[in-house]
Amino acid sequence: MISLDEAVTARLESHGARFEVLVDPDAALAIKRGEFEGDLEDVIAAEDVFENASRGDRPAESDLEKVFDTTDPLEIIPDVITEGEIQITAEQRREMQEKKRKQLVDTIARNAVNPQMDNAPHPPERIENALEEAGFTVDPMETVESQVDDALDDLRPVIPIRFEEVTIAVQIPAEYAGSAQAQVRQFGDLEREEWQADGSWIGVVTFPAGMQNEFYDVVNEHSSGNAETELIKDKDDIQTR
């Protein structure tokens, strides 16, 4: 469960009665869209249905049966969220907006590059400042993914930016290969891999271009700087050697 401070109220009025539940705001949006795949008990603040959540008042069981054909809160809560309205205070809205803004900046920073600087990643601070200069407003009630394209449209007049993927081949010496190759795999799509006779490992991985610096840092950290990397310009040329 989540804390009360993290929860928003979803409210449904039906058959002359009011039903309220306390739920994580992002989970509530996912449930309304039919996209929630987690455990409901992990995203609610109370396994209960209220008539007035702020006072802790509960509706009559007869009203629950009349509207939902059950008194089981875990069956009722998704219906209240899906069919009702999500109530948020001004403070909750500001907090959600700030959280989504940080997520948006992180998403763009991890995927975007500067085409005028040999596809170098943009630092998050530059993206955040450019969003502010562009006057982009994050919608706290929409997913980050649904706002990325609009944010990029607003950013392009301010900074040179585009989404790009890179493919990098890396060879890790035998003494580091066990743990380091596991880290490399987590970055994206492993296009090809090969264990060499000397115990070293060669992998070719494709991932968002904005993660290049992070990738090199992780590879160097887990190989004590002894790994070799090569940027693959054309994926048709991928081969181990």
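Rules of the game
Residues numbered from 1 in each chain as written. Predicted model: local features only at pLDDT ≥ 70, side-chain atom pairs only at ≥ 80, totals over all residues. Heavy atoms only, no water. UniProt positions renumbered as here; feature names shortened; annotations may be inferred. Helix = DSSP H or I, 4+ residues; strand = E, 2+ residues; numbered from the N terminus. Expected span 1.5 Å × (residues − 1). Buried < 20%, exposed > 50% of the residue type's maximum accessible area, 1.4 Å probe, protein only. Arc of directions from axis to C-beta. Contact = heavy atoms within 4.5 Å. Phe/Tyr/Trp six-rings, centres within 6.5 Å; stacked < 30°, edge-to-face > 60°. Pairing = 2+ DSSP bridges. Axes fitted to C-alpha atoms, helices over the stretch in contact; angles between N-to-C directions.

- As recorded in an unreviewed UniProt entry, the protein goes by the name RNA-associated protein, listed as coming from Natrialba aegyptia DSM 13077.
- For the record of the protein, the UniProt heading Sequence similarities (unreviewed entry) holds the text "Belongs to the SDO1/SBDS family."

1. Brief notes about helix H8 (residues 212-223)
Given 3.6 residues to a turn, an α-helix orients residues that are three or four positions apart in the same direction.
Next up, step 1: Given a rise of 1.5 Å per residue, 12 residues ought to cover 16 Å, and the 16 Å separating the end C-alpha atoms of H8 matches this to within 8%.
Next up, step 2: Residues of H8 that are buried include every one of Gln212, Phe215, Val218, Val219 and Ser223, and no others. Down the axis of H8, the buried set is contained in an arc of 130 degrees. They therefore lie on one face. In this structure, H8 carries Asp217 and Glu221 as exposed residues pointing more than 90 degrees from its buried face.
Next up, step 3: Packing partners of the buried residues in H8 comprise strand S4 (112-114), strand S5 (120-121), strand S7 (165-172), helix H7 (174-185), strand S9 (201-208) and strand S10 (228-232).
Next up, step 4: At the C-terminal side of H8, Ser224 shows a positive phi close to 55 degrees.

2. Let's talk about the packing of aromatic side chains
Next up, step 1: Tallying each qualifying case throughout the model produces 6 aromatic pairs.
Next up, step 2: Members of the aromatic cluster, each reached through a chain of ring pairs, are Phe187, Phe207, Phe215 and Tyr216.

3. Points about unusual backbone geometry
Next up, step 1: At His15, a position not held by glycine, the phi torsion is positive, near 55 degrees.
Next up, step 2: Along the chain, the position of His15 falls in the loop between strand S1 (8-14) and strand S2 (17-23).
Next up, step 3: Residue classification places His15 among the exposed residues on the basis of a relative accessible area of 53%.
Next up, step 4: The backbone of Ser224 shows a phi angle near 55 degrees, a positive value even though the residue is not glycine.
Next up, step 5: What makes Ser224 exposed here is its relative accessible area of 52%.

4. Quick word on the environment of Phe215
Next up, step 1: Tracing the sequence through the fold places Phe215 in helix H8.
Next up, step 2: Taking C-alpha positions, Phe215 is 29 Å from Gln97, a pair spaced 118 residues apart along the chain.
Next up, step 3: Sequence-distant contacts of Phe215, defined by excluding residues within four places in its chain, comprise Ile168, Val170, Val184, Phe187, Val205 and Phe207.

5. Structural notes on the UniProt feature "domain: Ribosome maturation protein SDO1/SBDS N-terminal" (unreviewed entry) in the protein
Next up, step 1: Summarizing the sequence annotation, UniProt attributes the feature "domain: Ribosome maturation protein SDO1/SBDS N-terminal" (unreviewed entry) to residues 7-94 in the numbering used throughout.
Next up, step 2: Segment residues 7-94 splits into 36% helix and 19% strand. End C-alpha atoms: 14 Å apart.

6. What to know about helix H6 (residues 148-155)
Next up, step 1: If you check which residues of H6 are buried, you get Val148, Ala151, Leu152 and Leu155. The buried side chains of H6 occupy one side of the element, clustering within an arc of 100 degrees when seen end-on.
Next up, step 2: Each element contacted by the buried residues of H6 is listed here: helix H4 (90-111), helix H5 (124-134) and strand S6 (162-163).

7. Focus: the sheet that holds S9
Next up, step 1: What the 4 strands build is an open sheet, ordered S8-S9-S7-S10; its pairing is antiparallel. One side of each edge strand has no neighbouring strand; the edge strands of this open sheet are strand S8 (189-195) and S10. Averaged over all pairs of adjacent strands, the angle between strand axes in this sheet comes to 20 degrees, irrespective of strand direction.
Next up, step 2: Examined bridge by bridge, S8 and S9 share 6 bridges and lie antiparallel to one another. Within S9, the position partnered with Arg192 by the bridge is Val204.
Next up, step 3: This element, H8, spans S7, S9 and S10 of the sheet and lies at about 10 degrees to S7.

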